[in-house]
Amino acid sequence: MPVEARGIRMSPLDTHRFGVVTARVDDLGAAEVAEAMAYCQAHDVELLIARAPIEDLEVVHRLGAAGFELMDTLVYYERDLRHSPVIEPADVFAAPADSDVDQVEAIARECFRQYSGHYHADSRLDREACREVYASWARNACLERSHDSFVLVVGEPDHRVGFSCFRRPSAEIGELVLGAVLPEARGQKLYTRLTLAGAYKLQTAGATRFITSTHLGNWAAEAAWSSAGLRPYRAYHTFHRWFGR
């Protein structure tokens, strides 16, 4: 009989990026650790990326005992747009033109070069591939714009200095999924202003809640989100478990 495990899924994108068969599971509970391990062994998974709520110390301890390694802690922020609506910003940021795509990709590549997320934290993953995760993510966001996803850029047309990518995963929720500002343009609150501009656009489209997330040590982003009226509301540890290596 095929081995199944609650919430676990294969990750073709990570498998392609890193050349290792990868699976993911979110919100892993202590009771599901053994079945997740069995699933990976049955499906020849080489890397399992697992997230567990920080409050669940039992699962954290079980993961450690099972050979999982802590890679980062992901913190989620939110703003209730019904009770704390965003006022229409004075800033008007542009949507990227086709000519901006390469610039946005380059900004992401530069700004996430030494990012302390779970990919970079794992020394067994190729360094160049880790950097390209965010560059390709930003590029795809520009190319795959739709009614429920958009990108805002800042700077002159021939010299963009920052961007933010947004989406609506559901009718009620708007999300900032990726953003960055070049070092040369920091100190002007551009990231905060991009965040508010995106939140306002999502709000006008009907979103009643605005969310985003980052790793715990990304203090600059967290300070910007606090300035934009967001507050932390949950966090997850990210673990990696390698098989056969």
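Going by the structure above, here's the rest.
In this text the structure is predicted, and so the values were computed from the model without any measurement.

Q: Even after reading the chapter, I still don't get the overall build of the protein, so can you show me in this structure?
A: Within the protein, the regular secondary structure consists of eight helices and nine strands. Summarising its shape, the C-alpha atoms of the protein cover approximately 55 × 40 × 30 Å along the three principal directions. Looking at the protein as a whole, 49% of its 245 residues are labelled buried. Surface accessibility of the protein: about 12000 Å² in total, with carbon and sulfur atoms responsible for 52%. Each charge class in the protein can be summarised by its mean position, and for the 27 positive and 34 negative side chains these summaries are 2 Å apart.

Q: Could you clarify how one ought to interpret the sheet that holds strand β4 (residues 69-80) in this entry?
A: In sheet architecture, strand pairing relies on hydrogen bonds along the backbone and comes in two forms, parallel and antiparallel. Ordered in space as β1-β2-β3-β9-β4-β8-β7-β6-β5, the nine strands form an open sheet in which the pairing is mixed. Of all the strands in the sheet, the pair left with one neighbour each is β1 (9-10) and β5 (149-156). Judged from the nine bridges that link them, β4 and strand β9 (residues 231-242) form a sheet pairing that is antiparallel. When the bridges of β9 are listed, Glu-78 appears paired with Arg-231. Packing against the sheet, helix α4 (residues 101-111) makes contact with β5, β6 (159-167) and β7 (173-181), and its axis sits at approximately 90 degrees to β6.

Q: In this structure, what is going on with the environment of His-159? I would like to understand it.
A: By the element assignment, His-159 lies in strand β6. Each C-alpha atom of the pair His-159 and Arg-193 lies 18 Å from the other, and the pair is 34 residues apart in sequence. A polar atom in the side chain of His-159 sits 2.6 Å from the side chain of Glu-184.

Q: Is there a simple way to explain the pattern of salt bridges in this structure?
A: Proximity of charged atoms lets side chains of opposite charge pair with each other. Tallied over the entire structure, the rule returns 19 salt bridges. Across the salt bridge formed by Glu-78 and Arg-209, the nearest N and O atoms sit 2.8 Å from each other. Of the two residues, Glu-78 is situated in strand β4 and Arg-209 in strand β8 (residues 209-215); the sequence distance between them amounts to 131 residues. On the basis of relative accessible area, Arg-209 is assigned to the partly exposed category, the value being 27%. Measuring nitrogen to oxygen at the nearest pair gives 2.5 Å for the salt bridge that ties Arg-231 to Glu-78. Residue Arg-231 is located in strand β9, and its partner Glu-78 is located in strand β4; the two are separated by 153 residues in the primary sequence. Residue class for Arg-231 comes out partly exposed when judged on its relative accessible area of 47%. When salt bridges with common partners are traced through the structure, they connect Asp-102, Glu-105, Arg-109, Glu-132 and Arg-139 into a single cluster.

Q: Teacher, can you tell me more about the packing of aromatic side chains here?
A: Evaluated as defined, the whole model comprises 11 aromatic pairs. Taking 6.2 Å as the distance between ring centres and 65 degrees as the angle between the ring planes, the aromatic pair formed by Tyr-76 and Tyr-233 counts as edge-to-face. Taken together, the positions of Tyr-76 in strand β4 and Tyr-233 in strand β9 put the pair 157 residues apart, joining distant regions of the chain. Tyr-76 gets classed as buried once you look at its relative accessible area, which sits at 16%. Between Phe-150 and Phe-166, the ring centres sit 5.1 Å apart and the planes meet at 20 degrees, which makes this aromatic pair stacked. Here Phe-150, found in strand β5, pairs with Phe-166, found in strand β6; they are 16 residues apart in sequence, far enough to count as distant.

Q: How do you make sense of unusual backbone geometry when you look at a structure like this?
A: Most peptide bonds take the trans configuration, and most residues that are not glycine carry a negative phi. The phi angle at Asp-27 is positive, at roughly 55 degrees, despite the residue not being glycine. Locating Asp-27 in the fold gives a position in the loop between β2 (22-25) and α2 (33-42). In the Ramachandran plot, Lys-189 falls in the positive-phi region, its phi being about 60 degrees despite a non-glycine side chain. Within the element layout of this structure, Lys-189 appears in the loop between β7 and α7 (190-204). By relative accessible area, which is 58% here, Lys-189 ends up exposed.

Q: It is not clear to me how α7 should be interpreted in this structure. Could you clarify?
A: Owing to its 3.6 residues per turn, the α-helix brings residues three or four apart onto one side. An ideal rise of 1.5 Å per residue puts 21 Å on 15 residues; α7 measures up with 21 Å between its terminal C-alpha atoms. Buried within α7 are the following residues: Leu-190, Tyr-191, Thr-192, Leu-194, Thr-195, Ala-197, Gly-198, Ala-199, Leu-202 and Gln-203. The secondary structure elements touched by the buried residues of α7 are β5, β6, β7, β8 and α8 (219-227).

Q: Help me understand the packing of α4 against helix α6 (residues 127-143) in this model?
A: In helix packing, the relevant descriptors are the interaxial angle and the interaxial distance, both defined with respect to the helix axes. Interhelical geometry of α4 versus α6 gives an angle of 155 degrees and a closest axis separation of 8 Å. Judged by the inter-axis angle, α4 sits roughly antiparallel to α6. Every pair of crossing elements has a handedness; the one defined by α4 and α6 is right-handed. Contacts from Val-101, Asp-102, Val-104, Glu-105, Ala-108 and Arg-109 of α4 reach α6 at Glu-132, Tyr-134, Ala-135, Ala-138, Arg-139, Cys-142 and Leu-143. Along the lines of polarity and charge, the residues of the contact of α4 with α6 split into eight nonpolar, no polar and five charged.

Thresholds applied
Within each chain, residues carry numbers counting from 1 in the order of the written sequence. A pLDDT threshold of at least 70 governs which residues receive local features in this predicted model, and a stricter bar of 80 or more applies before side-chain atom pairs are shown or counted, although totals over entire chains, interfaces and linings include all residues. Side-chain calculation: all heavy atoms of the structure are included, whereas hydrogens and water are not. Each helix corresponds to a stretch of at least 4 residues labelled H or I by DSSP, and each strand to a stretch of at least 2 residues labelled E; elements are numbered beginning at the N terminus. Any residue under 20% of the maximum accessible area for its type is buried, any over 50% is exposed, and the rest in between are partly exposed; the area is computed with a 1.4 Å probe on protein chains only. Surface accessibility in these figures is a Shrake-Rupley result with a 1.4 Å probe; residues are shielded only by whichever protein chains are displayed. Residues counted as positive are Lys and Arg, residues counted as negative are Asp and Glu, and His and the chain ends are not counted. Where a charge sits is defined by one atom per residue type, namely NZ (Lys), CZ (Arg), CG (Asp) or CD (Glu). Note on pairing: DSSP must find at least two bridges between two strands before they are called paired. Should any heavy atoms of two residues lie within 4.5 Å, those residues are considered in contact. The axes are straight lines fitted to the C-alpha atoms, using for helices just the contacting stretch, and the angles between their N-to-C directions are given from 0 to 180°. Two N or O atoms count as a polar contact when they lie within 3.5 Å, although within protein this holds only if one can serve as hydrogen donor and the other as acceptor, and sequence-adjacent residues are included solely when both atoms are side-chain atoms. The term salt bridge refers to a side-chain nitrogen of Lys or Arg lying within 4 Å of a carboxyl oxygen of Asp or Glu. When two rings of Phe, Tyr or Trp (its six-membered ring) have centres within 6.5 Å they constitute a pair, described as stacked for plane angles under 30 degrees, edge-to-face for angles over 60, and tilted for the intermediate range. A helix's residues, less one, multiplied by 1.5 Å, set its expected span. By the definition adopted for this analysis, an angle is roughly parallel if under 35 degrees, roughly antiparallel if over 145, roughly perpendicular if from 65 to 115, and oblique otherwise. Take the far helix as the reference: if the near one is turned anticlockwise from it by less than a right angle, the crossing is left-handed, and if turned clockwise, right-handed. Throughout this entry, Asp, Glu, Lys and Arg are counted as charged residues, while Ala, Val, Leu, Ile, Met, Phe, Trp, Tyr, Cys and Pro are counted as nonpolar. The remaining residues, Gly among them, count as polar.

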